[in-house]
Amino acid sequence: MFKVNTVMRTTILTSLLVVLLSVANAYAGSPKTRVYSNNDDKTKEYVTVDKEGWVGVQKYSYEYNNKGQVVDIAYTTWDQSISTWSLQSQHLQHIYDAQGELLAVVQVNAKDNLTAIK
């Protein structure tokens with residue numbers, strides 16, 4: 001009789017754990033991807049998640065040209081002191097020749113995503 005109770009408890013606890021993990025995965029596994037295009041033939045892609053379930057730490061933003069090539073990757077960290085993304089970011093700008101071959105990747109630090117800084 002002791003073995004039956006132990007087996008039942010193990011089965012119930014395992015089932016409960018599976019249900020809890022499934023519910024957590026359902027909430028965490030549904031990020032929303034948004035793609036924006038502008039008149040410069042550049043595309044930006046963002047992945048967002050439920051604000052109540054996630055805490056911002058860092059983010060990467062990718063920008064593409066009309067050929068689908070990456071032209072900029074921006075890395076930004078969360079600034080806890082102002083409860084928003086930092087005003088400074090690091091960019092990896094990709095430079096291509098006329099044939100679309102990658103020539104160089106240049107790292108640029110920017111403030112407010114507009115001004116290069118040292």
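In what follows, the structure referred to is the one given above.
Described in the following lines is the structure provided in the data block. (Residues numbered from 1 in each chain as written. Predicted model: local features only at pLDDT ≥ 70, side-chain atom pairs only at ≥ 80, totals over all residues. Heavy atoms only, no water.)

**Quick notes on the overall build of the protein**
Put simply, the rule is: Under the scheme used here, helices are H or I runs from DSSP no shorter than 4 residues and strands are E runs no shorter than 2 residues, and both carry numbers assigned from the N terminus. Working rule for contacts: check all heavy atoms of both residues, and any pair within 4.5 Å makes them a contact. Note that accessible areas follow from Shrake-Rupley with a 1.4 Å probe, and for residues the cover is restricted to the protein chains shown.
If you tally the helices and strands in the protein, you get 1 helix and 7 strands. Its helices and strands taken in sequence order, the protein reads α-β-β-β-β-β-β-β from the N to the C terminus. Long-range pairs, those at least 24 residues apart, make up 14% of the contacts in the protein between residues at least 6 apart in sequence. Surface exposure of the protein reaches about 9700 Å², of which carbon and sulfur atoms provide 57%.

**Some thoughts on the environment of Ile73**
Where we set the bar: Burial classes follow relative accessibility: with a 1.4 Å probe on protein chains only, a residue under 20% of its type's maximum area counts as buried, one over 50% as exposed, and anything between as partly exposed.
Considering the arrangement of structural elements, one finds Ile73 in strand β4 (residues 70–79). Judged by its relative accessible area of 18%, Ile73 falls in the buried class. Leave out the neighbours within four places in its chain, and Ile73 touches Tyr60, Ser61, Tyr62, Gln90, His91, Leu92 and His94.

**Regarding the pairing of strand β3 (residues 58–64)**
Convention followed: Any two strands between which DSSP finds at least two bridges are classified as paired.
Alignment of β3 against β4, held across 7 bridges, turns out to be antiparallel. The partner of Ser61 across the bridge, within β4, is Ala74. Adjacent in sequence and paired antiparallel, β3 and β4 are bridged by 5 residues, among which Gly68 carries a positive phi angle near 80°.

**Quick notes on unusual backbone geometry**
Trans peptide bonds make up the majority, and among non-glycine residues the majority have a negative phi. Despite not being glycine, Ser83 shows a phi value in the positive range, around 55°. Tracing the chain through its elements places Ser83 in the loop between β4 and β5 (84–96).

**Concerning the pairing of β4**
Strand direction decides the pairing type here: β4 and β5, joined by 7 bridges, are antiparallel. Paired with Asp72 across the bridge in β5 is Gln93. Counted between consecutive antiparallel strands, the loop separating β4 from β5 contains 4 residues, among which Ser83 sits at a positive phi close to 55°.

**Observations concerning the environment of Gln69**
The test is simple: Residues adjacent in sequence count toward polar contacts only when both atoms are side-chain atoms; beyond that, a polar contact is any pair of N or O atoms within 3.5 Å, and within protein one must be able to donate a hydrogen and the other to accept it.
As for its placement among the helices and strands, Gln69 is situated in the loop between β3 and β4. In this structure the C-alpha to C-alpha distance between Gln69 and Glu101, which are 32 residues apart in sequence, comes to 9.8 Å. With sequence-adjacent residues up to four places away left out, Gln69 is seen in contact with Glu63, Tyr64, Tyr96 and Gly100. Engagement of the side chain of Gln69 in a polar contact is seen with the backbone oxygen of Gly100, the distance being 2.7 Å.

**Considering a nonpolar patch on the surface**
How we decide: Each patch groups residues whose relative accessible area exceeds 30% and which form no salt bridge, using 9 Å between like charges and 5 Å between nonpolar side chains of Val, Leu, Ile, Met, Phe, Trp and Tyr. Basic side-chain nitrogens of Lys or Arg form a salt bridge, by our definition, when they fall within 4 Å of a carboxyl oxygen of Asp or Glu.
Together, Leu92, Leu102 and Val105 give the surface a local cluster of nonpolar side chains, amounting to about 240 Å² of exposed area. In this fold, Leu92 is placed in strand β5.

**Here's the deal with the packing of aromatic side chains**
So the rule is basically this: In this scheme Phe, Tyr and Trp rings, the latter by its six-membered ring, pair at centre separations within 6.5 Å, and the angle between planes marks the pair as stacked below 30 degrees, edge-to-face above 60, and tilted otherwise.
Under the defined criterion, the tally for this structure stands at 2 aromatic pairs. Ring geometry for Trp78 against Trp85: centres 5.1 Å apart, planes inclined by 85°, an arrangement best described as edge-to-face.

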